[in-house]
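Each chain, written out:
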There are 2 protein chains.
Amino acid sequence: MSKKIKLGLFGFGCVGQGLYNVLNQTEGIKAEILKICIKNADKKRALPAEYFTVEKNEILFNDDINVVVEMIDDAEAAFEIVKTALQNGKAVVTANKKMIADHFVELYELQQQYNVPLLYEASACASIPIIRNLEEYYDNDLLGAVEGIFNGSTNYILTKIFKDNIDFATALKQAQDIGFAETDPTLDVEAYDPKYKLCIILAHTFGLFVKPEEVFNYGIQNLSTFDIQYANEKGYKIKLVAFCRKVDNKIVAGVLPRFIKPENKLYNIENEYNGILVESAFTESQFFAGKGAGSNPTGSAVLSDISALTYNYKYEYKKHNRGAKVELTDNFSVDLYVRYSTANPIDTKLFSKIKESYANTDSAYVVGTINFSDLRKSDLLKRKDINLIVAADSKFEAIQNNVASSKEAVEIC
Amino acid sequence: MSKKIKLGLFGFGCVGQGLYNVLNQTEGIKAEILKICIKNADKKRALPAEYFTVEKNEILFNDDINVVVEMIDDAEAAFEIVKTALQNGKAVVTANKKMIADHFVELYELQQQYNVPLLYEASACASIPIIRNLEEYYDNDLLGAVEGIFNGSTNYILTKIFKDNIDFATALKQAQDIGFAETDPTLDVEAYDPKYKLCIILAHTFGLFVKPEEVFNYGIQNLSTFDIQYANEKGYKIKLVAFCRKVDNKIVAGVLPRFIKPENKLYNIENEYNGILVESAFTESQFFAGKGAGSNPTGSAVLSDISALTYNYKYEYKKHNRGAKVELTDNFSVDLYVRYSTANPIDTKLFSKIKESYANTDSAYVVGTINFSDLRKSDLLKRKDINLIVAADSKFEAIQNNVASSKEAVEIC
Ligand SMILES: NC(=O)c1ccc[n+]([C@@H]2O[C@H](COP(=O)([O-])OP(=O)(O)OC[C@H]3O[C@@H](n4cnc5c(N)ncnc54)[C@H](OP(=O)(O)O)[C@@H]3O)[C@@H](O)[C@H]2O)c1
Ligand SMILES: NC(=O)c1ccc[n+]([C@@H]2O[C@H](COP(=O)([O-])OP(=O)(O)OC[C@H]3O[C@@H](n4cnc5c(N)ncnc54)[C@H](OP(=O)(O)O)[C@@H]3O)[C@@H](O)[C@H]2O)c1
């Protein structure tokens, strides 16, 4: 594409205005905003009215615009916008993880078919350049695992709980007031948002396109003072950790709370920060941390994609395009803390091995090894009196003939 | 350049062989090694003899070779090689921080003059993609500070001391045996190596090309059990920290040991790992960690530069090319722990403020605020019975009329 960037923006909310700020203060990049499409014509805006339109085709069919930046909060409308833009030969930058996760294969194919780039660094952990870093690893078998804190709102809540001793409800309210959490906080708190990001990371780590429905997510909605006390007594923190990992040539993936020890690099990732650990054959362990949400950090990531377009950068998806295909499996074991109300016992046959158990008059817990595929089918997931947290030293091991294989996953911290 | 990469290598030692390994196992990148120039024709090699030559012009004037990879351990010979390669229109990848720091302006000008890229990601903190990340920030005023652990050997030594309770001499011996430290360990231990890397980072952070002689370095050569005990009692670790930071529109920079608290992200960076904190206006604080030395991690960074050449990536040096020029200053204050032998007192007039002092029959220390330019002139630097360590909470403040300005540097951890 020509090095002269003419932008059409969709959305002028948190991220859209962040991009405007960042672009405005960065003289080094020559990119001009020609038009901004928003939803409500009547809303008061910080820019002159002639910038704005509610008619998407004013951008999508404008021959002067060569780059479309999609920053709206409606995944389905976003997909239609992105699709039409790519079909019209426009490069696209987006921050919309849900849209990408829901339509990944179609988006991949559109890029090939129309030979235009779609960049989305801001969609996964905002300011952390994780996708570009993963793109540097060319082959499937070079990466062993990627895991970390992918959601800023829940990490903010957990930080308030562990550092400032605030209870869950108050912490959530604070996060909403500051604007970190969505008005409907389910996407964050029940771990859908980090799951969408994990779907994006799975494609760039293992060449795997999966539907969000295929990936397990369990959030922090059931976190109790009992769980927090348990963690405090052991010197742990609890973090919501998304993980994907190669185990016996298959891929295991999911999002679950996890107990974190002080020597783990995720221990010091606080508030709206995200942190990502990457295990690879040649560089061994790498770690990235940065703001995972917010107007300017996300706008800055969007701008770095726009700037990459000036030197014709595009994702290569080499791990998908070449080599033997890998697949997702739930047939692996994990060590899990299961807390429940003493009045309502759980079926301990679910565990292949029990390592610890405790009960007082109100609450009880078991720490034991469980087959992940049994967990996904279990009715524990529906119970409100139950919480699930991955043990600090949990291995993720393949299960053969119902016996966990002795091959141990390398520890990442 | 054409996407078909034909390589001529200089050096087949630790890094050269690492590159070979990594390239060999990465089918995703099509790059072919045509020739390898080494020093000693008689040394036994892991590859067939026809690969090797001791005649540099067989690579430099070979029209089939379009990329030269320089990985030798002689900075002056390296500069001649790189210069001729660029003059002959060949793209160059190098891992040689000393060569770059010593000849930075010439290397910058050669790139402009001959319009060929020179990439050197491996030269600064090996596997950490720090230079590319800094290149994403386009303007001078967006970055506030970059600091961190830039040297793997000394970090390995410090880790052994603090984790395994081993004394300095034994730890150094171990580092040499494993091959982390140089045979002449002065470059590492006296902090020259991290200073060369800091010179590279100064150019990509603030657009500043400085000679290594201009930048202060003080290593861990005088570390004593007294210092270690002091740190342990406070719950600190000691790390060798390179820093550059904007203070009142000038740049302060140097390498010095520093006391590190547990909540600082550098605290958990152990062994040969490096860690880098980046402060910027839009993304606030970012953190990167990864292996800072070693055959495969460094080879992997070299390969990522080779791969970037396939999409015509080059450094833009935008911060240097545009905007008002900034300059280096030593006129700032820092809080310093100065340990000395009680028998040989120091002149405490050097401190504008003394915060702590202690003496037993053998050793004494003062913690106080000192003007960095006085420190650089001071004969404390020559004394073997003295050690200098930056205080854990030290500010870096501009000095106006001998009064430290009240503007406090933002804490980075
Ligand atoms: N906020 C973050 O920290 C963050 C971080 C990373 C990624 N993201 C992602 O970035 C995207 C935007 O998030 P946000 O926080 O900026 O959302 P937001 O503050 O709610 O703003 C959404 C914007 O989209 C506009 N919009 C909605 N539907 C539209 C449509 N059909 N056509 C045109 N414009 C439409 C809205 O218009 P009106 O102004 O007229 O209401 C508004 O300007 C989301 O995909 C989000 O997941 C956000
Ligand atoms: N080791 C690391 O972890 C690391 C990390 C980052 C950067 N680096 C940098 O990478 C560079 C190479 O380091 P290294 O550890 O690989 O060194 P090394 O193991 O000592 O190997 C040096 C190689 O250079 C060759 N050589 C020396 N002078 C030469 C000349 N004039 N012409 C042709 N070949 C010559 C040697 O040839 P012979 O084989 O014939 O002796 C040898 O193959 C250095 O600049 C170093 O600072 C190293």
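- An unreviewed UniProt entry lists chain A under the name Homoserine dehydrogenase, from Solitalea longa.

1. Side note on the overall build of chain A
- Looking only at helices and strands, one finds 14 helices and 18 strands in chain A.
- Oriented by its inertia axes, the alpha-carbon framework of chain A measures out at about 65 × 50 × 35 Å.
- Sorting the 413 residues of chain A into buried and exposed places 62% on the buried side.
- Contacts in chain A between residues at least 24 apart in sequence constitute 71% of all its contacts with a sequence separation of at least 6.
- If you average the places of the 47 positive and of the 55 negative side-chain charges in chain A, the two averages end up 2 Å apart.

2. Remarks on the interface of chain A and chain B
- Counting residues at the interface gives 42 residues for chain A, matched by 42 residues for chain B.
- In this assembly, chain A packs against chain B so that about 3,500 Å² is buried in total across both faces, 49% of it on carbon and sulfur atoms.
- When the buried surface of chain A facing chain B is broken down by residue, Asn-268, Phe-282 and Tyr-311 of chain A rank first, second and third, together holding 18% of it.
- Inspection of the chain A/chain B interface yields four salt bridges.
- Here Glu-136 of chain A makes a salt bridge to Arg-132 of chain B, at a shortest N to O gap of 3.0 Å.
- Looking at the side of chain A that touches chain B, the elements with two or more residues in it are helix 1 (14-24), helix 6 (130-135), strand 12 (284-291) and helix 12 (295-309) of chain A.
- In terms of residues, the side of chain A that touches chain B owes the most to one element, strand 12 of chain A, which gives eight residues.
- Among the residues forming the side of chain A that touches chain B, the class breakdown is 16 nonpolar, 16 polar and 10 charged.
- Alignment of strand 12 of chain A against strand 12 (residues 284-291) of chain B, held across three bridges, turns out to be antiparallel.

3. Here's the deal with the pairing of strand 10 (residues 250-260) of chain A
- Taken across its 11 residues, strand 10 of chain A has 10 buried, putting it largely inside the fold.
- Adjacent in sequence and paired antiparallel, strand 9 (residues 237-247) of chain A and strand 10 of chain A are bridged by two residues, among which Asp-248 of chain A carries a positive phi angle near 50 degrees.

4. Considerations on helix 12 of chain A
- Along its 15 residues, helix 12 of chain A runs 22 Å from first to last C-alpha, staying within 8% of the 21 Å computed at 1.5 Å per residue.
- Counting buried positions along helix 12 of chain A gives 13 out of 15 residues, so the element sits mostly inside the fold.

5. What about the UniProt feature "domain: Aspartate/homoserine dehydrogenase NAD-binding" (unreviewed entry) in chain A?
- UniProt annotation of "domain: Aspartate/homoserine dehydrogenase NAD-binding" (unreviewed entry) refers to residues 11-121 of chain A when read in the numbering used here.
- Secondary structure content for residues 11-121 of chain A is 41% helix and 17% strand, while the C-alpha to C-alpha distance between its ends is 17 Å.

6. A few points about the relation of the copies chain A and chain B
- The transformation that overlays chain A on chain B combines an axial shift of 0.0 Å with a rotation of 180 degrees, and the residual RMSD is 0.0 Å. Seen this way, the second copy is the image of the first under a two-fold rotation axis. It is Phe-288 of chain A whose C-alpha, among those of chain A, lies nearest the rotation axis, at 2.4 Å.
- The share of interface residues of chain A whose copies in chain B are also at the interface is 100%, consistent with both copies meeting through the same surface.

7. Thoughts on the packing of aromatic side chains
Residues and elements named next belong to chain B.
- This structure, assessed with the given rule, holds 53 aromatic pairs over all chains.
- The interplanar angle of 80 degrees and the centroid separation of 5.2 Å between the aromatic rings of Tyr-108 and Tyr-317 together place this pair among those described as edge-to-face. Linking Tyr-108 in helix 5 (residues 104-114) with Tyr-317 in the loop between helix 12 (295-309) and helix 13 (318-321), this pair joins segments that are 209 residues apart in sequence.
- The exposure class of Tyr-317 is buried, given its relative accessible area of 2%.
- On the numbers, 6.2 Å between centres and 90 degrees between planes, the contact of Tyr-315 with Tyr-317 is edge-to-face.

8. Let's talk about the site of ligand 2
Residues and elements named next belong to chain B.
- Inspection of the region around ligand 2 gives 22 residues, with Val-15, Asn-40, Lys-43, Arg-45 and Gly-294 positioned closest.
- Here Asn-40 contributes a backbone N or O atom positioned 2.8 Å from an oxygen atom of ligand 2.
- Contacts to ligand 2 include Ile-72, whose backbone N or O atom sits 3.2 Å from an oxygen atom.
- Relative to its unbound accessible area of 900 Å², ligand 2 is 81% covered by the protein chains.

9. Remarks on the sheet that holds strand 3 (residues 52-53) of chain A
Residues and elements named next belong to chain A.
- What the six strands build is an open sheet, ordered 3-2-1-4-5-6; its pairing is parallel. Only two strands of the sheet have a single partner each, and these edge strands are strand 3 and strand 6 (118-119).
- Sheet analysis places strand 1 (residues 5-10) next to strand 2 (residues 31-37), joined by six bridges and oriented parallel. Considered in strand 2, the bridge of Leu-9 is made with Ile-36.
- Sheet contacts for helix 12: strand 1, strand 2, strand 4 (67-70), strand 5 (91-94) and strand 6; angle to strand 5, the most-contacted strand, approximately 160 degrees.

10. Points about the packing of helix 1 of chain A against helix 12 of chain A
Residues and elements named next belong to chain A.
- Relative orientation of the contacting elements helix 1 and helix 12 amounts to 65 degrees, with a least axis distance of 7 Å. Put simply, helix 1 runs roughly perpendicular to helix 12. As helix 1 packs across helix 12, the resulting crossing turns out to be right-handed. Across the interface between the two elements, Cys-14, Val-15, Gln-17, Gly-18, Leu-19, Asn-21, Val-22 and Leu-23 from helix 1 touch Ser-295, Asn-296, Thr-298, Gly-299, Ser-300, Val-302, Leu-303 and Ile-306 from helix 12.
- Here the contact of helix 1 with helix 12 is built from residues that sort into eight nonpolar, eight polar and no charged.

11. Side note on the site of ligand 1
Residue and element names in this part refer to chain A.
- Phe-12, Val-15, Lys-43, Arg-45 and Gly-294 are the nearest of the 22 residues found near ligand 1.
- Between ligand 1 and Lys-39 there is a distance of 3.1 Å, counted from an oxygen atom to a backbone nitrogen or oxygen.
- Residues that form the shell around ligand 1 fall into these classes: 11 nonpolar, six polar and five charged.

12. Comments concerning unusual backbone geometry
Residues and elements named next belong to chain B.
- For Asn-115, which is not glycine, the phi torsion reads 50 degrees and is therefore positive.
- Inspection of the secondary structure assignment puts Asn-115 in the loop between helix 5 and strand 6 (118-119).
- Not every positive phi belongs to a glycine, and Tyr-317 is a case in point at roughly 50 degrees.

13. Some details on the pattern of salt bridges
- In total, this model carries 50 salt bridges over all chains according to the counting rule given.
- Linking Asp-385 of chain A and Arg-383 of chain A is a salt bridge whose minimum nitrogen-to-oxygen distance equals 2.8 Å.
- Assessed through its relative accessible area of 19%, Asp-385 of chain A is described here as buried.
- Between Arg-132 of chain B and Asp-305 of chain B there is a salt bridge whose closest N-O contact spans 3.2 Å. In this pair, Arg-132 of chain B sits in helix 6 (residues 130-135) while Asp-305 of chain B sits in helix 12, placing the two residues 173 residues apart along the sequence. By the burial criterion, Arg-132 of chain B is buried, and Asp-305 of chain B matches it.
- When salt bridges that share partners are traced, they join Glu-147, Arg-245, Arg-258 and Glu-279 of chain A into one network.

Rules and cut-offs
- Residue positions are given per chain, counting from 1 as you read along its sequence in written order.
- Numbering of ligands from 1 and lettering of chains from A proceed in the order in which they are written.
- Restriction of local features to residues with pLDDT of at least 70 applies here, the model being predicted, together with a cutoff of 80 or more for giving and counting side-chain atom pairs; totals for whole chains, interfaces and linings are based on all residues.
- Values shown for side chains rest on all heavy atoms present in the structure; no hydrogens or waters enter the calculation.
- Each helix is a run of H or I in the DSSP string that is no shorter than four residues. Each strand is a run of E no shorter than two, and both are numbered from the N terminus.
- Each residue is placed in one exposure class: buried if its accessible area under a 1.4 Å probe, protein chains only, is under 20% of its type's maximum, exposed if it is over 50%, and partly exposed if it falls in between.
- Throughout, a residue-residue contact means that at least one pair of heavy atoms, one from each residue, lies within 4.5 Å.
- A positive count includes Lys and Arg, and a negative count includes Asp and Glu. His and the chain ends are not counted in either.
- Charge positions are represented by NZ for Lys, CZ for Arg, CG for Asp and CD for Glu.
- Once two parts are joined, some of their accessible surface, as seen by a 1.4 Å probe, is lost; buried area is that loss totalled over both.
- Every case where a carboxyl oxygen of Asp or Glu lies within 4 Å of a side-chain nitrogen of Lys or Arg is listed as a salt bridge.
- Polarity classes work like this: nonpolar for Ala, Val, Leu, Ile, Met, Phe, Trp, Tyr, Cys and Pro, charged for Asp, Glu, Lys and Arg, and polar for all others, with Gly in that last group.
- Strands pair, by our definition, only if DSSP identifies at least two bridges between them.
- To estimate the expected span of a helix, count its residues, drop one, and scale the result by 1.5 Å.
- UniProt positions are given in the numbering used here, feature names are shortened, and annotations may be inferred rather than shown by experiment.
- The atoms used to superpose the copies are C-alpha atoms, taken from residues with pLDDT of at least 70 in both, and the fit is least squares.
- Any pair of Phe, Tyr and Trp rings, taking the six-membered ring for Trp, is counted once the centres come within 6.5 Å. Such a pair is stacked with planes under 30 degrees apart, edge-to-face with planes over 60 apart, and tilted for the rest.
- Any residue with a heavy atom positioned within 4 Å of a molecule or strand is treated as near that molecule or strand.
- Here a polar contact is taken to be a pair of N or O atoms separated by no more than 3.5 Å, where protein atoms must pair a possible hydrogen donor with a possible acceptor and residues adjacent in sequence count only if both atoms sit in side chains.
- To be clear on the numbers: accessible area is Shrake-Rupley with a 1.4 Å probe, and residue cover counts the displayed protein chains and nothing else.
- All axes here are fitted lines through C-alpha atoms, helices being fitted over the stretch that makes contact, and every angle between N-to-C directions spans 0 to 180 degrees.
- For this classification, under 35 degrees means roughly parallel, over 145 means roughly antiparallel, 65 to 115 means roughly perpendicular, and everything else is oblique.
- Note on convention: near helix rotated counterclockwise from far helix by under a right angle means a left-handed crossing. Clockwise means right-handed.

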